[in-house]
Every structure is written in C-alpha cells, then in structure tokens.
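Coordinate inspection notes
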Amino acid sequence: MRRTAITLFAAFLSFTAMAQTVALKSEGREEGYVNTIVQRAEKNIAALKLTGEKALNVRNIVANKYFELNDIYTERDKAIALAKDSLSGAAKNAAIDMAKAQCDSRLYRSHFAFPSTLAIFLSADEVTAVEDAMTYNKVKVTYDAYLDEIPSLKDEEKVQIYAWLVEARHLAIDAEGSKQKHEVFNKYKGRINNYLSKRGYDLNKEREAWFKRLEERKKQEKK
C-alpha cells in the first residue's frame with residue numbers, strides 16, 4: 001500500500017521535477033549548520049555512488065528532509081514554550097496539545113513526501129538504502145543480531161521480526177534526533193522480545209548462550 005502510493009506520487013512529480021535541479025533549502029540558516037547537514041546527507045547517500053546532477057539532487061532531497069524536520073520540531077517547541085509562559089490551566093494544556101497535533105500533522109505529510117521525491121531519482125531499493133543509512137542501518141544490525149542470538153527462530157518469526165523493524169525504520173526517519181531514533185527501535189525491540197517470550201523462548205538463556213558463542217568467536221579470531 002505504502003509503496004504503491006509512493007510510486008504514484010513519484011510518477012506525478014516526475015513530469016516537472018526531472019527537468020529541474022532540486023534546490024538546497026538553506027536560506028536563512030546558519031552556514032555552519034548547513035554545512036553539517038550537507039555533509040550528513042552526503043554520507044547517507046555515499047553507498048549509492050551517484051554522480052553528477054543526480055547525486056546533487058538526491059543529496060539536496062536528504063538535506064532538505066533534515067531541514068524540514070528541524071523546522072517542524074523547532075516550531076513545536078516554540079509553541080509549547082509560549083504556552084507555558086503565557087497560559088495556565090486548561091488553556092495551557094490545550095495549546096500544548098494543539099502544538100503537538102500540528103507537529104504530528106506536518107510530520108505525516110513530510111513522511112510520505114520524502115520517499116516519493118527520492119523515488120523520482122532512485123529505485124525502490126535505493127530509496128530503502130537511503131532510509132537505512134539515515135537510521136544507522138538499525139534494521140539490518142538488529143535483525144542480524146536476533147538471528148545470531150536465537151538460531152532456532154522459525155521462518156514466520158523471522159518474518160514478523162523483520163516486519164516490525166521495517167515499521168520502526170518508517171517511524172525513526174521522522175524522529176527528532178539520533179537519541180529519539182534509537183528509542184524508536186528500542187521500543188520495537190521490546191515488542192519483539194515480548195512476542196518471542198510468548199512463543200516460548202527463554203530470552204535470558206538465549207542471551208547467555210549467545211554471549212558465550214561471541215566470546216568463543218573472539219578467542220578463535222585471536223588464534
């Protein structure tokens with residue numbers, strides 16, 4: 001469903017966007033901050049080995065996503081601070097709730113626009129690679145860790161774990177910062193652990209056995 005919507009939106013945008021260069025939305029922003037974000041964006045797309053105008057467009061799309069997220073959360077925080085300073089009681093709470101709701105609404109629109117715009121220039125797998133880079137490759141790292149920790153996982157359990165981690169990535173893309181992105185994945189790891197416990201796994205024993213295997217591997221590598 002999500003991929004179909006992205007594909008349709010990308011096709012609609014491509015009629016005009018492909019003939020244009022994606023502008024870096026750096027106006028009014030401090031130069032040092034812009035340079036930091038541009039470097040981060042370049043790092044996130046480096047594995048794709050893009051060149052020329054395509055590389056510039058994709059880099060700017062990623063950088064603009066970071067700018068947009070910063071703007072959304074900054075405006076939310078300003079509105080909340082204003083409510084706390086100037087209002088009280090029910091009025092203050094209502095204003096804070098409104099600021100959070102407006103933030104969520106903007107994040108929702110941004111969430112679908114981002115991969116759709118990337119899809120104008122990138123394949124579906126490349127879009128996923130960018131999203132993985134922006135979330136520290138936590139899907140692969142966490143999924144591989146579960147497979148290594150519990151070798152007896154059934155196929156349907158692997159599918160469920162992977163699906164939840166992909167869902168975590170979708171949410172983490174829009175998280176406020178690195179700490180919040182990691183918190184999203186930690187929340188889903190808790191869900192996965194509860195799921196596995198209900199499936200009969202003793203996670204403490206599995207983890208102890210895994211640590212022993214890891215130590216044994218280290219010893220073998222030193223030989």
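Details of the structure are given in the entry above.
Cut-off values and rules
Residues numbered from 1 in each chain as written. Predicted model: local features only at pLDDT ≥ 70, side-chain atom pairs only at ≥ 80, totals over all residues. Heavy atoms only, no water. Helix = DSSP H or I, 4+ residues; strand = E, 2+ residues; numbered from the N terminus. Buried < 20%, exposed > 50% of the residue type's maximum accessible area, 1.4 Å probe, protein only. Core = buried A, V, L, I, M, F, W, Y, C linked by side-chain atoms within 4.5 Å. Contact = heavy atoms within 4.5 Å. Salt bridge = Lys/Arg side-chain N within 4 Å of Asp/Glu carboxyl O. Axes fitted to C-alpha atoms, helices over the stretch in contact; angles between N-to-C directions. Parallel < 35°, antiparallel > 145°, perpendicular 65-115°, else oblique. Nonpolar A, V, L, I, M, F, W, Y, C, P; charged D, E, K, R; others polar. Left-handed = near helix turned anticlockwise from the far one by under 90°.

This next bit is on the overall build of the protein chain. Along the backbone of the protein chain there are 9 helices and 0 strands. Counting from the amino terminus, helix and strand elements in the protein chain follow one another as α-α-α-α-α-α-α-α-α. Summarising its shape, the C-alpha atoms of the protein chain cover approximately 55 × 55 × 40 Å along the three principal directions. Here the protein chain, with 223 residues, has 38% of them falling under the buried criterion.

Looking now at the nonpolar core. Membership of the largest hydrophobic core comes to 25 residues, with the highest contact counts inside it found for Val62, Phe114, Leu118, Leu122 and Val130. Other than its neighbours up to four places away in sequence, Val62 contacts Ala41, Asn44, Ile45, Phe114, Leu118, Val130 and Met134. In terms of nonpolar packing, the next biggest core, distinct from the first, is built from 18 residues, Trp164, Tyr195, Leu196 and Leu203 among them.

Under the criterion given, the structure shown has 14 salt bridges. Of the charged contacts, one joins Arg207 and Glu149 as a salt bridge, the two residues approaching to 3.8 Å between their closest N and O atoms. One end of the pair, Arg207, is in helix H9 (residues 203-222); the other, Glu149, is in helix H6 (residues 138-149), and 58 residues separate them in sequence.

Moving on: the side chain of Asp174. Residue position: Asp174 is located in the loop between helix H7 (155-172) and helix H8 (178-198). Contact partners of Asp174, with chain neighbours within four places excluded, come to Lys65, Leu69, Tyr73, Leu107 and His111.

Before going further, it helps to spend a moment on the packing of H6 against H9. Closest axis-to-axis distance for the H6/H9 pair is 9 Å, and the angle between their directions is 95°. It follows from the interaxial angle that H6 and H9 lie roughly perpendicular. Touching Ala145, Asp148 and Glu149 of H6 are Leu203, Glu206, Arg207, Trp210, Arg213, Leu214 and Arg217, all from H9. Of the residues in the contact of H6 with H9, the class split is 4 nonpolar, no polar and 6 charged.

On to the environment of Leu171. Mapped onto the secondary structure, Leu171 falls in helix H7. The exposure class assigned to Leu171 is partly exposed, which follows from its relative accessible area of 47%. C-alpha of Leu171 to C-alpha of Ala133: the two residues are 38 residues apart in sequence and 14 Å apart in space. Apart from residues lying up to four places away in sequence, Leu171 is in contact with Val184 and Tyr188.

One non-glycine residue with positive phi stands out, namely Lys49, at about 55°. One can find Lys49 in the loop between helix H2 (31-45) and helix H3 (52-86). Residue classification places Lys49 among the exposed positions, given a relative accessible area of 70%. Although it is not a glycine, Asn137 adopts a positive phi angle of roughly 55°. Considering the arrangement of structural elements, one finds Asn137 in the loop between helix H5 (124-134) and H6. For Asn137, a relative accessible area of 38% puts it in the partly exposed group.

At their nearest, the axes of helix H4 (residues 89-118) and H5 sit 9 Å apart, and the two run at 130° to each other. Looking at the two axes, H4 sits oblique to H5. Crossing handedness for the pair H4 and H5: right-handed. Along its contact with H4, which presents Phe114, Pro115 and Leu118, the element H5 presents Val127, Val130, Glu131 and Met134. Residue composition of the contact of H4 with H5, by class: 6 nonpolar, no polar and 1 charged.

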